[in-house]
Amino acid sequence: MITPSPEWEKRMAALWDAFDDHEPEDLLGKVEALVAELPPGDAVGEYELASAHDSIGNEAEAADHYRRAFAAGLPEARRRQAVIQYASTLRNLGRADESVALLTAEREAASDELDDAVTAFLALALTDVGREREAAGLALGALSRHLPRYNRSLSNYAKALTQDHPAV
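The present account deals with the structure reproduced in this document. Just so it is clear, the structure is predicted and the values come from calculations on it, not from any experiment. (Residues numbered from 1 in each chain as written. Predicted model: local features only at pLDDT ≥ 70, side-chain atom pairs only at ≥ 80, totals over all residues. Heavy atoms only, no water.)

1. Description of the environment of Ile 2
For step 1, the next point in the chain: The residue Ile 2 is located in the segment before α1 (6–17) in this model.
For step 2, the next point in the chain: Separated by 19 residues in sequence, Ile 2 and Asp 21 have C-alpha atoms that sit 30 Å apart.
For step 3, the next point in the chain: Setting aside residues up to four positions removed in sequence, Ile 2 forms contacts with Leu 38, Pro 39 and Asp 42. (Helix = DSSP H or I, 4+ residues; strand = E, 2+ residues; numbered from the N terminus. Contact = heavy atoms within 4.5 Å.)

Below, the structure is given as structure tokens:
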């Protein structure tokens, strides 16, 4: 794996920033063209291809690229994003149990600015496996950290939902 140049990263970022300006197949073609500048099988390239397929609704193709990105040693800067996206893809493919397992492990393994995103996507997956009460608790707990008031109350209610007993 090579590290893409800052110029390449800027071009990729600009393409994603203009996502809504492209038809799905046009976006995919542009991502493929940029990825073609990297060595075949490059982890970052596989991640970007996965993201593009995911963004245009090609979940099965996206899943294949995510797996290849992980296998190729995706750098930490993109790894957690890829875990979130891959778990969402698995959920969309009807594999919510795998999504729950992946995101649960991710919540326990790392902590950064994506913590609440991990939790939000875990909540979605939990609803698909019939664990709606726990999902609501996780989502409300994540939300409680961002409210200007009522943080403690909402956090306590969220804990009660995830622990399956009334709030104190």
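2. Brief notes about the packing of aromatic side chains
For step 1, the next point in the chain: Considering all chains together, one arrives at three aromatic pairs under this definition.
For step 2, the next point in the chain: Relative to Phe 19, the ring of Trp 16 has its centre 6.2 Å away and its plane inclined at 15 degrees; by these criteria the two rings are stacked.
For step 3, the next point in the chain: Its relative accessible area of 23% is what places Trp 16 among the partly exposed residues.
For step 4, the next point in the chain: A residue is classified by how much of its surface remains accessible, and Phe 19, at 30% relative accessible area, is partly exposed.
For step 5, the next point in the chain: Aromatic rings pair up to connect Tyr 66, Phe 70 and Tyr 86 into one cluster.
For step 6, the next point in the chain: A cation over an aromatic ring shows up here: Arg 149 above the ring of Tyr 150, its NZ or CZ 5.6 Å from the ring centre. (Phe/Tyr/Trp six-rings, centres within 6.5 Å; stacked < 30°, edge-to-face > 60°. Buried < 20%, exposed > 50% of the residue type's maximum accessible area, 1.4 Å probe, protein only. Lys NZ or Arg CZ within 6 Å of the ring centre and 35° of its normal.)

3. With respect to the layout of surface pockets
For step 1, the next point in the chain: Of the pockets and cavities examined, the largest pocket occupies roughly 150 Å³.
For step 2, the next point in the chain: Taken together, Arg 107, Thr 119, Gly 137, Leu 138, Gly 141, Ala 142, Ser 144, Arg 145, Ser 155, Ala 158, Lys 159 and Thr 162 make up the full set of residues lining the largest pocket.
For step 3, the next point in the chain: At the level of elements, α8 (132–144) and α9 (151–163) are the ones that each hand at least two residues to the lining of the largest pocket.
For step 4, the next point in the chain: No other element matches α8, which puts five residues into the lining of the largest pocket.
For step 5, the next point in the chain: Per-class residue counts for the lining of the largest pocket are three nonpolar, six polar and three charged. (1 Å grid on protein atoms, 1.4 Å probe; cavity = no way out; pocket = protein on both sides within 12 Å on 5 of 7 lines; lining within 4 Å. Points joined across faces, edges and corners; volume = space filled by probe spheres on them. Nonpolar A, V, L, I, M, F, W, Y, C, P; charged D, E, K, R; others polar.)

Just geometry here; none of it tells us what the structure is for.
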